[in-house]
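A closer look at the structure
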Amino acid sequence: VLAYLDDQRLFRQLAYCNGKWVNGDSDTPVLNPATGEVLGYTASLNATQINQTIDDAEAAFHLWRAESAETRAKLLMKWHDLIMENQHDLAHLMVLEQGKTLRDAEGEVEYGASFIHWFAEEAKRVYGDTMPSHIPNAHLATLREPIGVAALITPWNFPNAMITRKAAAALAIGCSVIVKPAEETPFSALALAELAERAGIPAGVFNVVMGDAPMVSTQLCQSDNVKALSFTGSTRVGRLLLEQSAQTVKKSAMELGGNAPFIVLPDMDIQQAARAAIDAKFQTSGQDCLAANKILVPRDKHQAFVDAFAALMDELEVGNGLLPSTDIGPLISARAVDKAQAIVDDAIAKGATVMGGKLNPNLGENFFAPTLITKVTPDMLVYQEENFCPVAGVIAYDNLDEAIAMGNDTEYGLSAYVYGNDIRDIWRCLRGLEVGMVSVNSVKMTGHPIPFGGVKQSGLGREGSRYGIDEFSEIKYYCLGGL
Ligand code: ADP
């Protein structure tokens, strides 16, 4: 790892609790998914250490919330600047532990930092309301107050931005946070802690803990001192965490799975649609909750689309994310490869046609060829489940109502893509799709100004945007009577 870094002190392996680097009971190896090599070891904390961190974060919260919004904003801005100054190192750490391409990793560092910049500005604009009084001689108004210690449990597909999108909002309003990164990608989180320390964010305000995931999550969820839980990950784990948090009635934000439809409208240029679908499918090797999952194409254009998609897919280079020629890196683990293979096998068994892209057999065991599945039917896993792998399912539709219905035929409701020109068709999709986010004629839809989040079993709450602070704050109403 050190050979790739300009500043070797950004490679941290210990946990970061209350401003100290802390050893655990045991060490957990972290692997490079491209090579299988051990990159380093993280400290696994025990339950006592987790609880101590919660107590310290609670104490730090009271000091942090008492700082002026200006002070918090300045420290966040400093953190942002340090992250951008160290973009090269953070991106390399990310490629090593996550596998994505260096280009994507650099993009993610900038994307992650943009949330800190945004919320540093928002920190100064957290307003309350005043209401005309229905009570004689009284003044009625609200304050917005930080909720307290927030637990942030994050996934491995975006090891930097999923932390900053939550932490920046929480810190801006005056919460302290305890981050539990995914065990696959702790080094990006720990480098963020190193930079938070250098920025001068006080001890106990930004903490990073590691250890057995169910144990750590249980401690965080069951603690009465943790007032908010923000999770990004699978719907399965989200349900577990909600259940565990019910006992302490925690404010919970959940960014869970997606099964995004990609609807090609009848008047869309097929080459352009295929290019966009490729981009919406294969970023982060398909391990993205926004990845296009069901590509829906008018029946009379289906063959042309499949031909165009297959030709573009064939140009994609699978390999180590550090190589400039790579378009698609490895999957995160052997388990992820097994899951991808199971989706393909299931489709073949149920009568689908499968086309595979190029894959150099000398690559490690975590690599998976981009794959196109046609003749998809609703009973197949590729249709029903969040694929989370470089496997694309294309489905022909006869009319737009049918396409929208297929798009909605899932427990998920995160995002959708619509490509075409007719404004009436676009509007029908916009209103008909049961999702939190619709992107029309653009693959890129996320960023700091937009409310990111889903409906149905894709989650609760919104991140980023002016709404992001809501998840970490409470409205306090007051009535000044007898005036
Ligand atoms: P994946 O299975 O694709 O890794 P998860 O939703 O399981 O996605 O992972 C997201 C986060 O949830 C990670 O931080 C992981 O450590 C955590 N996690 C995984 N399993 C559990 C569990 N049983 N209880 C609590 N947290 C968990």
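Fair warning: this is a prediction, and the values are worked out from it, not measured in the lab.

**A word on the site of the ligand**
Close to the ligand lie 18 residues, the nearest being Thr 154, Trp 156, Lys 180, Glu 183 and Ser 234. Contact between the ligand and Ser 217: a nitrogen atom at 3.1 Å from a side-chain N or O atom of the residue. Notes on the ligand: free accessible area 540 Å², of which the protein chains cover 85%. Per-element accounting of the shell around the ligand gives the leading share, four residues, to helix α8 (residues 235-245).

**Describing the sheet that holds strand β6 (residues 139-146)**
Pairing between the strands of a sheet is mediated by backbone hydrogen bonds and can be parallel or antiparallel. The sheet built from three strands is open, its strands ordered β5-β6-β20 with antiparallel pairing. At either end of the open sheet lies a strand with only one pairing partner, and these are β5 (130-131) and β20 (473-480). Judged from the eight bridges that link them, β6 and β20 form a sheet pairing that is antiparallel. The residue of β20 that forms the bridge with Leu 140 is Cys 479.

**Some points on the side chain of Asn 259**
Position of Asn 259 among the secondary structure elements: in the loop between β11 (251-255) and β12 (260-264). Exposure remark for Asn 259: the relative accessible area of 3% places this residue in the buried category. A polar contact of 3.0 Å, which involves the side chain of Asn 259, links it to the side chain of Asn 293. Beyond its immediate stretch of four places on either side in the chain, Asn 259 contacts Asn 293, Lys 294, Tyr 383, Gln 384, Glu 385, Thr 410 and Tyr 412.

**A word on the environment of Thr 235**
Here Thr 235 shows up in helix α8. Under the relative-accessibility criterion, Thr 235 is labelled buried at 4%. Counting along the chain gives 23 residues from Thr 235 to Gly 258, while the straight-line C-alpha distance between them is 8.9 Å. Not counting the four nearest positions on each side in its chain, Thr 235 is found in contact with Leu 256, Gly 257, Glu 411, Tyr 412 and Gln 457.

**Some points on helix α1 (residues 47-66)**
With 20 residues, α1 should cover 28 Å at 1.5 Å per step; its first-to-last C-alpha distance of 29 Å lies within 8% of that length. Within α1, the full set of buried residues consists of Ile 50, Thr 53, Ile 54, Asp 56, Ala 57, Glu 58, Ala 60, Phe 61 and Trp 64.

**Digging into the side chain of Thr 410**
Relative to the assigned elements, Thr 410 resides in the loop between α13 (400-408) and β17 (415-419). Accessibility expressed as a relative area gives 12% for Thr 410, which makes it buried. Not counting residues within four places of it along the chain, the set of residues in contact with Thr 410 comprises Asn 259, Lys 294, Gln 384 and Lys 456.

**Concerning the pattern of salt bridges**
Across all of its chains, the model carries 20 salt bridges by this definition. Residue Glu 108 pairs with Lys 100 through a salt bridge whose shortest N-O separation is 2.6 Å. Using a relative accessible area of 3% as the deciding quantity, one classes Lys 100 as buried. When salt bridges with common partners are traced through the structure, they connect Asp 7, Arg 9, Arg 12, Glu 194 and Arg 198 into a single cluster.

**Some words on the packing of helix α3 (residues 87-98) against helix α6 (residues 186-199)**
Two numbers describe how α3 lies on α6: the axes approach to 8 Å, and their chain directions differ by 160°. Judged by the angle between their axes, α3 and α6 are roughly antiparallel. As α3 packs across α6, the resulting crossing turns out to be right-handed. Of the residues in α6, those touching α3 at Leu 90, Leu 93, Met 94 and Glu 97 are Pro 186, Phe 187, Ser 188, Ala 191 and Leu 195. Its residues assigned to classes, the contact of α3 with α6 shows seven nonpolar, one polar and one charged.

**Thoughts on the sheet that holds strand β15 (residues 371-374)**
Read from one edge to the other, the open sheet built from seven strands follows the order β14-β15-β16-β13-β12-β17-β18, with strand pairing classed as mixed. At either end of the open sheet lies a strand with only one pairing partner, and these are β14 (353-356) and β18 (437-440). Recorded for the sheet is a direction-independent mean angle of 20° between the axes of neighbouring strands. One ladder, built from four bridges, connects β17 with β18; its direction is parallel. Counted as the bridge partner of Ser 415 is Met 437 from β18. Packing against the sheet, helix α10 (residues 302-314) makes contact with β12, β13 (292-298), β14, β15 and β16 (391-397), and its axis sits at approximately 165° to β15.

**A few points about the packing of helix α2 (residues 69-85) against helix α4 (residues 102-122)**
Contact geometry for α2 and α4: axes closest at 8 Å, N-to-C directions at 165°. Put simply, α2 runs roughly antiparallel to α4. Crossing hand, α2 versus α4: left-handed. Each of Ala 73, Leu 76, Met 77, Trp 79, His 80, Ile 83 and Met 84 in α2 lies in contact with α4, whose residues at this interface are Val 109, Glu 110, Ala 113, Ser 114, Ile 116, His 117, Phe 119, Ala 120 and Glu 121. Looking at the contact of α2 with α4, its residues break down into eleven nonpolar, three polar and two charged.

**Side note on α3**
Over its twelve residues, α3 runs 16 Å from end to end, which matches the ideal 16 Å to within 8%, given 1.5 Å per residue. The buried fraction of α3 amounts to eleven of the twelve residues, a majority that puts the element mostly inside the structure. By the burial criterion, the buried members of α3 are Gln 87, Asp 89, Leu 90, Ala 91, His 92, Leu 93, Met 94, Val 95, Leu 96, Glu 97 and Gln 98. Considering only its buried residues, α3 is in contact with β3 (26-31), β4 (38-44), α2, α4 and α6. Phi for Gly 99, located one or two positions after α3, is positive at around 105°.

**With respect to a nonpolar patch on the surface**
A grouping of Leu 31, Val 38 and Tyr 41 is seen on the molecular surface, where their side chains present a nonpolar patch of about 270 Å² in accessible area. With respect to the element layout, Leu 31 can be found in strand β3.

**Quick word on the pairing of strand β10 (residues 226-232)**
Across the seven residues of β10, six count as buried, placing the element largely inside the fold. Across five bridges, the pairing between strand β7 (residues 149-153) and β10 is parallel. In the strand pairing of β10, Val 149 is matched with Val 226. Here β10 runs beside β11; their pairing, made up of five bridges, is parallel. Within β11, the position partnered with Leu 229 by the bridge is Ser 252. In this region the chain leaves β10, passes through α8 and returns to the parallel neighbour β11; the handedness of that crossover is right-handed.

Criteria and thresholds
- Residues numbered from 1 in each chain as written.
- Predicted model: local features only at pLDDT ≥ 70, side-chain atom pairs only at ≥ 80, totals over all residues.
- Heavy atoms only, no water.
- Near = heavy atom within 4 Å.
- Polar contact = N/O pair within 3.5 Å; in protein donor to acceptor, adjacent residues only side chain to side chain.
- Areas by Shrake-Rupley, 256 points an atom, 1.4 Å probe, with all protein chains shown as cover.
- Helix = DSSP H or I, 4+ residues; strand = E, 2+ residues; numbered from the N terminus.
- Pairing = 2+ DSSP bridges.
- Buried < 20%, exposed > 50% of the residue type's maximum accessible area, 1.4 Å probe, protein only.
- Contact = heavy atoms within 4.5 Å.
- Expected span 1.5 Å × (residues − 1).
- Salt bridge = Lys/Arg side-chain N within 4 Å of Asp/Glu carboxyl O.
- Axes fitted to C-alpha atoms, helices over the stretch in contact; angles between N-to-C directions.
- Parallel < 35°, antiparallel > 145°, perpendicular 65-115°, else oblique.
- Left-handed = near helix turned anticlockwise from the far one by under 90°.
- Nonpolar A, V, L, I, M, F, W, Y, C, P; charged D, E, K, R; others polar.
- Patch = residues over 30% accessible without salt bridge, like charges linked within 9 Å, V, L, I, M, F, W, Y side chains within 5 Å.
- Right-handed = clockwise from strand over helix to strand, strands pointing away.

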